[in-house]
Structure formats: C-alpha cells, structure tokens
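Here is how the chains run, residue by residue.
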Amino acid sequence: MATTRFSPVASSSSALPLSTPSIQSLRDNYSLQLIPPPNPTLKTPTIRSRLSKLCQDGQPHLARQLFDTITQPTTTLWNTIIIGFICNNLPDEAILFYIRMKNASPLVKCDSYTYSSSLKACAETRNLLVGKAVHCHLIRCLSNPSMIVYNSLLNMYSTCLSTADGEVGLCDFSNYDFVRKVFDTMRKRNVVAWNTMVSWYVKTERCKKAAQQFRLMMAKGIKPTAVSFVNVFPALSSIGDYSNANVLYGMVIKLGNEYVNDLFVVSSAISMYMELGYLDIARKIFDNCLDRNTEIWNTMIGEYVQRNCPLEGIGLFLHAMDSDNSILDDVSFLSALTAISQLQCLELAQQLHAYIIKNLEAVPVNVLNAIVVMYSRCNSIQASFDAFSQMRERDVVSWNTMVFAFVQHGLDDEGLMLVHEMQKQGYRIDSVTVTALLSAASNLQNHHIGRQTHAYLLRHGLQFDGMDSYLIDMYSKSGLIRTAQLLFEKSSIASKDQATWNAMIAGYTQNGLTDNAFITFRQMFDHKLSPSAVTLASVLPACNPMGSINLGKQLHGFSIRHCLDENVFVATALIDMYSKSGAVSYAENVFYNTLEKNSVTYTTMILGYGQNGMGKRALSLFYSMQASGVIPDSITFIAVLSACGYVGLVDEGLQIFNAMEREYNIQPSTEHYCCVVDMLGRFGRVVEAHKFVEQLGEEASTLEIWGSLLGACRLHGYVELGEAVANKLLEIDAGNGKAGYHLLLSNIYAEKGYWERADRVRKEIRERGLRKEVGCSWIEVAGHLSHFVSRDQEHPRSNDIYEMLEGLAVDMTDRVHGSF
C-alpha cells in the first residue's frame, strides 16, 4: 500500500486516505448501488460526490448543511464529512461530528474508515482522552480491525503521548507502553507500523531501541521506505553509532535515486553526520544533492551554526542568496543572524539587516527579535535599541530580548524602566522577564527590587527552572545572605539542582562566610551530586580569605581527576587563588597549560604578576596577549597599570594609559585614574600626580582618586599639599562616618613633627564619632586557622596568647638593654 508523507519528520504512522485525490476513491469504495438513469450520457451527481466536491473546494460547513438535509445518511456519507473536516484542517469539527455519528447509533454503524479518520483527528488535536474513547469504541464494534485502523491507533498514541500536553511525564514506558501494546496486538504489520515504532522510540529518547527496531524490521524482510531512514537517522546520531550510520546511508545509496534524492532523507542524513561530528561528510551529501529545496539549505546552514561554525554557516547563506533555485525563508535569516551574533561582526550585521529590510515586504517578529539579539551580541546596544524601537509589532519575546540586552550590557536601570513600560503597554511579565529582573537586582545589589520580584513570583504562582538559584544569587549579592540561606534550606533535596548549590556556595564566598562555603561544598558530595566547573570556580575564591593554599591544592587535584581544570573558568579561578597565595609558579603552570584562554584568564595572570612584584613579566604577558589575538578589556588595563605601579615602570604605564582610549577605544574610569595617580605618587612624582588629578576636573571628584593622592603625600612628606588634598577629601566625604583619610592626614603631621596639628585632627575624629575600619590577621597552625583583630579577646586561648606576648616583650626589652 502506498504511503503519503505529510512532513519531513512525520512518523508516517497512518496511511489514511485524507489527501484530496483519495477522498473520491474512498467514496467509490462505499458507493451505493444506485439504478442508472435512463439516459447514460447525462449522469446525475450522487450525494456522496457532491459532498466530496464541496469539501475539496474548501467548503466543509456547506457540505455539512447539505448532509443535514438527508433523512437517513449512510456510513459512507458520515465518513465523507469527517474526512472533509480533516482535509480542511478542522480536526475539532471532525471529532464533534464523530461524536454526533456515535450518538446516532444504532441507525448508523461506524466502519474502519470512520475510526481511522477520527483517530487522525485526535492525533492532530493531541486529544488523548477522546483518542482512548475511540479506541474503546472500535474494540467493541470491530471484531477484526484493518491494518489502516491499527496504523491510525499507533499514530494517535505516539503523537498524543509525545507532546508536552500529553501524558508522557506520567507514563513509565518500561512497564507499560500504549504504542508498543498496540503494535504487539497487530497480526500483520506493514512498513508504516514499523516506521511509527522507530519514530516513537526516538521521540521518547529510547534511541537504542529505535535502532534495534529498525534492525528487526530488516530481519523480518520489510523493505524500508524513505521515511524509515528519516526516522532512524536521529537515533544513530543520538547514540553516536557512526559505523551503523555509514551502513544505513550506504543502504540508501544502494536503493537508488528514489531514496538518495529524497529531500527528507538528505536533510536527515546531513543532520545525522553533523551531530556525529563529521561535518565533511555532511557537506559532501549536501554538495551531491541534485535538487536542493529551502529545507536542505536551512538544514545545512543551521547545522553549521549549531556546531559553532558561523563562518561556514554565513558563507553557505551567501551562496544560497546567489543561487537561482534557492528560496530563503524566515529560518534561513534566523540562522544567518545567529551566525553573525556568534561572529560579533557589527559591519556584517548592518549589511544583513539592510538586506532583510530591502528584500522582505513584511519582516516577521521573530526575525526582528533576532536582529535585536544580533546587535546586542555585537556590542552595539544603541543599534539594538533602535531596531527594537522601530518595530511596528512586538510580542513578549521582543520586550524580554531588549530587557536582557540592557542587563547584559550593565544598563540595569534602563532594563528596569523597560519592564515598567512593558507593563504599561499591557504585556504580562513571564518567567523570562523575572529572570532579567532578578539579574538586574543582583547587579545593582538592590534587594528592594529583588524582594518585589520575589513577591510577584509568589502572588502569580510562577515557577521556572533555576528560579531558586536566581533568588539565592540576588539575595546573596544584595547582602541578605541569611535570606538566601533560608531559601536554600527551605528547598527540598529533590528540587535542589546543581545551579542552586552553586549559587549558595558563591553567595557564602562573596559574603566572606568561607567556612559555610566549604561545608555546603562537602554537602554536595553527601547528596551524591558531583561538583561542576561552576562549583569549583565558586568555591576556589574562598581559599584565599582562609589563608590556606592546601585547600586550594586539594581542589586543584579534584579538578584534574575530573577533567575540570581544562575549563577556562576553573583555570582562571586557580590562577587567582595561587597568585593571591604567593605561589606564582603554580599559577604560571596552570596558565600555560590552559589551552583555552580568554581576556579574563590573561588579566588574572597579569594581576598576579603585579601583586607579587613581577611587573616586567606582567608587561610581557600584556603584549603577548595582544599578539595572541585576545583583546584586552578595561579590567586588563587596571591590572597592567597596577603592575607598573608596583614596580616603578611609570613611563611604560603612562604609555599604556594613553593608548587605552586612543588605540582600544576604552574610556578610562575612576579605577584607571586611581592607578595612574598611585603609580606616579608611589615613586615620588607627587606634583605630577596632583596636576594629573586637577586636569580631570569633575571626573576626579571621587574619594578613591584623592585618597590615592593623599597616600602619596604621606609617603613622600608633602605636608602642605597633603593638607589641601585632605580638605578636598573632607569636602567630598562629608558625613561618611569613616576615619581613614583623617587618620592618614594625622599621620602626615606626626611624621613631620607637627604634633599640635596631628592632635587637632584626632580630636576632630573623636568629636565627629568617626571610626576606622578594623584590619584582620590570620595564622594557620597544625591545620587550624585562627583569626585576629586588634585587642581581640574572643579567641579561646586569648589569655595564653597575651601572656606569651608579655613574655616576648619582656624578653625583647632585656635583650635590647643587654646589648648596650
């Protein structure tokens, strides 16, 4: 029996005669034996043919009105209307008409075509409940169902059970499988039934069973159709079976041109080899395809983009534009826009945008959304917003896309204002919007916005994957670590995914609760959850405040054993940990053994060199970074300027600072200015540093810049200039409540012997109630870490410590006097 494919991924599980040519043939099979008219040359159309003609002309409701005038319609006429509704894409109407037909019993009886067409309608509407009812009806009414009915049953169950709205989540296919049960009850099975089973196994992610089913079909002597290969190829790619993929594609070639040139087979084969990682074979299949339709082009372009080969993808897209027989559609443009997003090429983005505007009369919303994303990925947030503003029609995806673009570029306030405008225009906030809001609240460390967003989630009952991790991250970064901890503890073990654990560990680390971070890290192992690269990158920074390099080494060993050290984020965290612990050689080993390096990796190593007094190495790595094609960012310049300041490479540092805006188009920030002032002031060029600050004008009105200058004044004894700088700081820092800069000025006076001035400043500190932030020290003894602050009395062995200090003081005094 010949089968008809309705889509490239159709399961071909039902071979209902629902296409237009088959309606008439279906009616002919069930035609009434009417007495021929007296004049055989003038044939009067039968009721059946008139109904069929109306359905073919796209007027099924008119056909039903004509049907309603018939006193006792036959089963064939009922079937004609049901099939007519299905052919005109009205499956719900077909189901209602079937129900009406069943209610007309016992005057009319359903036959195989009634049940097969009704099951087809249930499959199209994903209505499993009605489908099961039809199944019960045919069991009671048909003693020997035909193969077409069984195929329709297979199609109905496989379609309904594999959709999100079906019962796929409720079924344990290992114990009871409706599709398999129907298949097993069939006495005879044609290739359509076998195809449906293979497709069903692929849909339910049982790809090994799909391959076994195909192999069994071949063993039974069933000749595969083109659809058979379309169904089985995804199974082979999922299980990584390259050898059998070659065998089956060889079979396709052996079966001849009907199979080799089938466009669905070509598309499926290309996807299979792409997913297996054999891009060259996929391209060869594409190049040998004689008749490429839009889907073939889209498959090849889309697979390149998905495999992170944007250059090949955009090259093929341009080739498709020049081809006479290719028709580009929305999918083509979406793939091209994604490829340019990956390339981050603004010039190419502008050219494609112009081409789309010129060649499409009406640009679809999804394409416009992709244009907004493309400009955002190309770091042109203004162009992204312009594209968004010019959209005549927007959906909720458009708003969410623009909000996320703002948040990802650090424009959190703009993102929040856009959400407000989105609500004013009647768009409802969804889980994607909430994710952007929580990210913005985290970036701004604004717990008010975070709490409001959390309350919105609770009021509207919104749930989405990763919600707890976003909330924990937001509360942690906002300083509400206790609230984050309560959320974490409230979540059940089953609902805690890896992202939730990672967020809690990172939150503890960011808030200085390093002990809690390691306790939570160990709890992951207790709950049989293996840490990921993100977990290690979150917990490694906790090693530095604890002053223990041994913990860091253990984590490094864990990362090596689990092949996580190759991850760029883990490698960067290891470099940072070793550098801050003074183990620069370990940091270097990690850096040079890391194959994938980004700007953050280089920046971390440069900063490590600078912090450990290796300025020349920092400069050398900065220049080699550019030679490697890695573009430095603003943080990189902070690192290299700091390194120059540590070791006195002042002139080199000034050259790099001057080149930052001129050559790299990076606008200097407060941090860069502080580095320059510190670099100049640290090595005696205090007057030059003061002139530099004065030239900045309003940009220099920050505590950090003037504070660096005051530190330089103290270091080199510039009393009068220090006093002027201190007055400027008092002007900027009015009402801050901290005594740091005042104490620095007092020390300048004291070191020069100006005791009265020093006493006056300290008296002012006391009168204003200003306070100095307390420093902390720690020491590790026998694996135990102890923390100390000035005049600390909280240590459990505080009395012993102070007694030892007094003894040391007496001993030192005796030794000093004894030396004279």
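All values derive from a computational prediction rather than experimental measurement.

A. Quick peek at the overall build of the protein. A tally of helices and strands in the protein yields 45 helices and two strands. A burial count over the protein gives 48% of its 820 residues as buried. Within the protein, contacts between residues separated by at least 24 positions form 61% of all contacts whose residues are at least 6 apart in sequence. Just so you have it, the protein exposes about 42,400 Å², and 52% of that area is on carbon and sulfur atoms.

B. Spatial organisation of unusual backbone geometry. Despite not being glycine, Arg-126 has its phi angle at roughly 55°, a positive value. Tracing the chain through its elements places Arg-126 in the loop between α6 (112-125) and α7 (128-141). Phi is positive for Gln-344, close to 55°, though the residue is something other than glycine. Checked against the element boundaries, Gln-344 lands in the loop between α19 (330-343) and α20 (346-359).

C. Representation of the packing of aromatic side chains within the structure. Tallied over the entire structure, the rule returns 32 aromatic pairs. Between Phe-229 and Phe-233, the ring centres sit 6.0 Å apart and the planes meet at 40°, which makes this aromatic pair tilted. Note that Phe-229 and Phe-233 are positioned in helix α12 (residues 226-238) at a spacing of four residues, about one turn of the helix. When its relative accessible area of 0% is taken as the criterion, Phe-229 is described as buried. By relative accessible area, which is 0% here, Phe-233 ends up buried. The lysine or arginine in question, Arg-189, covers the ring of Phe-183, its NZ or CZ lying 4.3 Å from the ring centre. A cation over an aromatic ring shows up here: Lys-597 above the ring of Phe-591, its NZ or CZ 5.2 Å from the ring centre.

D. View of the UniProt feature "repeat: PPR" (unreviewed entry) in the protein. Annotation from UniProt places "repeat: PPR" (unreviewed entry) at residues 190-224, 395-429, 497-531 and 598-632. Each end of residues 395-429 is marked by a C-alpha atom, and these two atoms are 12 Å apart; helix forms 74% of the span and strand 0%. Along residues 497-531 one finds 74% helix and 0% strand; the C-alpha atoms at either end are 11 Å apart.

E. Summary view of the nonpolar core. Ranked by internal contacts, the top residues of the largest apolar core, which has 222 residues, are Met-156, Phe-233, Ile-270 and Ile-371. Element by element, the count of residues in this core is highest for helix α15 (residues 263-276), at ten residues. Non-local contacts of Ile-371, meaning those with residues more than four positions away in its chain, are made with Leu-337, His-353, Ile-356 and Ala-387.

F. Here's a closer look at the pattern of salt bridges. Per the stated rule, a full pass over the model turns up 16 salt bridges. Across the pair Glu-303 and Arg-307 runs a salt bridge, and its minimum N-O distance is 3.0 Å. With relative accessibility at 7%, the residue Glu-303 sits in the buried group. Residues Asp-473 and Lys-477 are paired through a salt bridge, measuring 3.6 Å at the closest nitrogen-oxygen approach. Taken together, the residues Asp-473 and Lys-477, both in helix α27 (residues 467-477) and four residues apart, mark about one turn of the helix. The network of salt bridges with common partners includes Glu-275, Glu-303 and Arg-307.

G. Here's a closer look at the packing of helix α37 (residues 634-647) against helix α39 (residues 670-682). The contact between α37 and α39 brings their axes to 9 Å, and the two run at 10°. Taken together, α37 and α39 sit at an angle that is classed as roughly parallel. Where α37 approaches α39, its residues Ser-634, Phe-637, Ile-638, Leu-641, Ser-642, Cys-644, Gly-645 and Tyr-646 are matched on the opposing element by Glu-671, His-672, Cys-675, Met-679 and Arg-682.

H. Representation of α15 within the structure. The end-to-end C-alpha separation of α15 is 20 Å, in line with the 20 Å expected for 14 residues at 1.5 Å each. Structurally, the start of α15 carries an N-cap: the backbone nitrogen of Phe-264 is 2.9 Å from a side-chain oxygen of Asp-262. Among the residues trailing α15, Gly-277 stands out with phi positive, at a value near 95°.

I. View of helix α2 (residues 47-56). Arg-48, Ser-49, Leu-51, Ser-52, Leu-54 and Cys-55 are the residues of α2 that are buried. Just beyond α2, the residue with positive phi is Gly-58, at close to 80°.

J. Summary view of the environment of Val-182. Along the chain, the position of Val-182 falls in helix α9 (residues 178-185). Judged by relative accessible area, which is 5%, Val-182 ranks as buried. In this structure, the C-alpha to C-alpha distance between Val-182 and Tyr-150, residues 32 residues apart in sequence, is 7.2 Å. Other than its neighbours up to four places away in sequence, Val-182 contacts His-135, Tyr-150, Leu-153, Leu-154 and Tyr-157.

K. Expanded view of the side chain of Lys-496. Among the secondary structure elements, Lys-496 is positioned in the loop between α28 (481-490) and α29 (498-510). Within the buried set, Lys-496 has no salt-bridge partner at all; the shortest N-O distance to an opposite charge, 7.7 Å, is to Glu-489.

L. Summary view of a nonpolar patch on the surface. Taken together, Met-804, Leu-805, Leu-808 and Met-812 make up a surface patch of nonpolar side chains, about 420 Å² in accessible area. Along the polypeptide, Leu-808 turns up in helix α45 (residues 798-819).

M. Expanded view of the state of the cysteines. In this structure the tally under the stated criterion is zero disulfides. Here Cys-55 is not cross-linked by a disulfide; its sulfur's nearest cysteine counterpart is in Cys-87, at 7.8 Å. For Cys-55, a relative accessible area of 4% gives the class buried.

N. The environment of Thr-401, seen in detail. By the element assignment, Thr-401 lies in helix α23 (residues 396-408). For the pair Thr-401 and Val-432, spaced 31 residues apart in sequence, the C-alpha to C-alpha distance is 9.1 Å. Other than its neighbours up to four places away in sequence, Thr-401 contacts Asn-369, Val-372 and Val-373.

O. Quick look at the packing of α7 against helix α8 (residues 147-161). At a closest axis distance of 10 Å, the pairing of α7 and α8 adopts a crossing angle of 155°. With respect to α8, the element α7 is oriented roughly antiparallel. Both α7 and α8 take part in a crossing whose hand is left-handed. In this structure, α7 uses Leu-128, Gly-131, Lys-132, His-135 and Leu-138 to contact α8, whose residues at the interface are Val-149, Leu-153, Met-156, Tyr-157, Cys-160 and Leu-161.

P. Molecular detail of the confidence of the model for the protein. Taken as a whole, the protein shows an average pLDDT of 83; of its residues, 83% reach a score of 70 or greater. pLDDT under 50 marks residues 1-37. Its contacts with residues more than four places away, or in other chains, come to 80 contacts. The low-confidence segment residues 164-170 (pLDDT under 50) makes eight contacts with residues lying over four places distant or belonging to another chain.

Rules of the game
Residues numbered from 1 in each chain as written. Predicted model: local features only at pLDDT ≥ 70, side-chain atom pairs only at ≥ 80, totals over all residues. Heavy atoms only, no water. Helix = DSSP H or I, 4+ residues; strand = E, 2+ residues; numbered from the N terminus. Buried < 20%, exposed > 50% of the residue type's maximum accessible area, 1.4 Å probe, protein only. Contact = heavy atoms within 4.5 Å. Areas by Shrake-Rupley, 256 points an atom, 1.4 Å probe, with all protein chains shown as cover. Phe/Tyr/Trp six-rings, centres within 6.5 Å; stacked < 30°, edge-to-face > 60°. Lys NZ or Arg CZ within 6 Å of the ring centre and 35° of its normal. UniProt positions renumbered as here; feature names shortened; annotations may be inferred. Core = buried A, V, L, I, M, F, W, Y, C linked by side-chain atoms within 4.5 Å. Salt bridge = Lys/Arg side-chain N within 4 Å of Asp/Glu carboxyl O. Axes fitted to C-alpha atoms, helices over the stretch in contact; angles between N-to-C directions. Parallel < 35°, antiparallel > 145°, perpendicular 65-115°, else oblique. Expected span 1.5 Å × (residues − 1). Polar contact = N/O pair within 3.5 Å; in protein donor to acceptor, adjacent residues only side chain to side chain. Lys, Arg positive; Asp, Glu negative; His and termini not counted. Patch = residues over 30% accessible without salt bridge, like charges linked within 9 Å, V, L, I, M, F, W, Y side chains within 5 Å. Disulfide = S-S within 2.5 Å. Left-handed = near helix turned anticlockwise from the far one by under 90°. pLDDT = per-residue confidence, 0-100.

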